[in-house]
Amino acid sequence: VAQKFSVRRSLRRSFAKFITSGEDRAHLLLHMLQEMMRKEQMYQVIRLRQKNLSEDLLDTLEVSLEELQNRARERRIYDIMDFCKGPSFQEAGYFLDENRGVIARSVVEQH
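Keep in mind that what you see is a predicted model, and the values were worked out from it rather than measured. (Residues numbered from 1 in each chain as written. Predicted model: local features only at pLDDT ≥ 70, side-chain atom pairs only at ≥ 80, totals over all residues. Heavy atoms only, no water.)

(A) The nonpolar core, seen in detail. Counting 26 residues, the largest nonpolar core has Leu33, Phe83 and Ile103 as its most contacted members. Only helix H2 (22-50), strand E1 (60-64), helix H3 (65-74), helix H4 (81-84) and strand E2 (94-97) provide two or more residues apiece to this core. For this core, the leading source of residues is H2, giving nine residues. (Core = buried A, V, L, I, M, F, W, Y, C linked by side-chain atoms within 4.5 Å. Buried < 20%, exposed > 50% of the residue type's maximum accessible area, 1.4 Å probe, protein only. Helix = DSSP H or I, 4+ residues; strand = E, 2+ residues; numbered from the N terminus.)

Dropping the structure here:
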């Protein structure tokens, strides 16, 4: 048994840079979500300007939960629900609407 732990410890040290923690995943997912929100905000601002409307009308941004799931899958993260219900998600001001399949955030908080 002691030998197993010794080998495991040795392997962990050797492969430490390849092992991702839940915190690493949450950080990556948060970065991906922020990038999606930035793009959505730019799109909505352009849309409002084309209609000669004020950007101030934009109060909430929404992105598709499915789109975040697909992007996460590209990074070999297959379950994002723990992230969506976790502290870093909520602390960043995001809200998950599972019924509509969207992640929302108030624009006011982004300034």
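(B) Examining the side chain of Glu40 more closely. Positionally, Glu40 belongs in helix H2. No salt bridge is formed by the buried Glu40. Its closest oppositely charged neighbour is Arg47, at 6.4 Å. (Lys, Arg positive; Asp, Glu negative; His and termini not counted. Salt bridge = Lys/Arg side-chain N within 4 Å of Asp/Glu carboxyl O.)

(C) View of the pattern of salt bridges. Taken as a whole, this structure holds six salt bridges when the rule is applied. Note that Arg38 and Glu35 form a salt bridge whose closest N and O atoms lie 2.8 Å from each other. Here Arg38 and its partner Glu35 are both found in helix H2, three residues apart, which amounts to about one turn of the helix. With a relative accessible area of 42%, Arg38 lands in the partly exposed category. Among the residues examined, Glu35 registers a relative accessible area of 27% and is labelled partly exposed. Across the pair Asp97 and Arg100 runs a salt bridge, and its minimum N-O distance is 3.6 Å. Given the relative accessible area of 16%, Asp97 is considered buried. Via salt bridges that share partners, Glu62, Asp97 and Arg100 belong to a single interconnected network.

Geometric descriptors of this kind do not, in isolation, establish any biological role.
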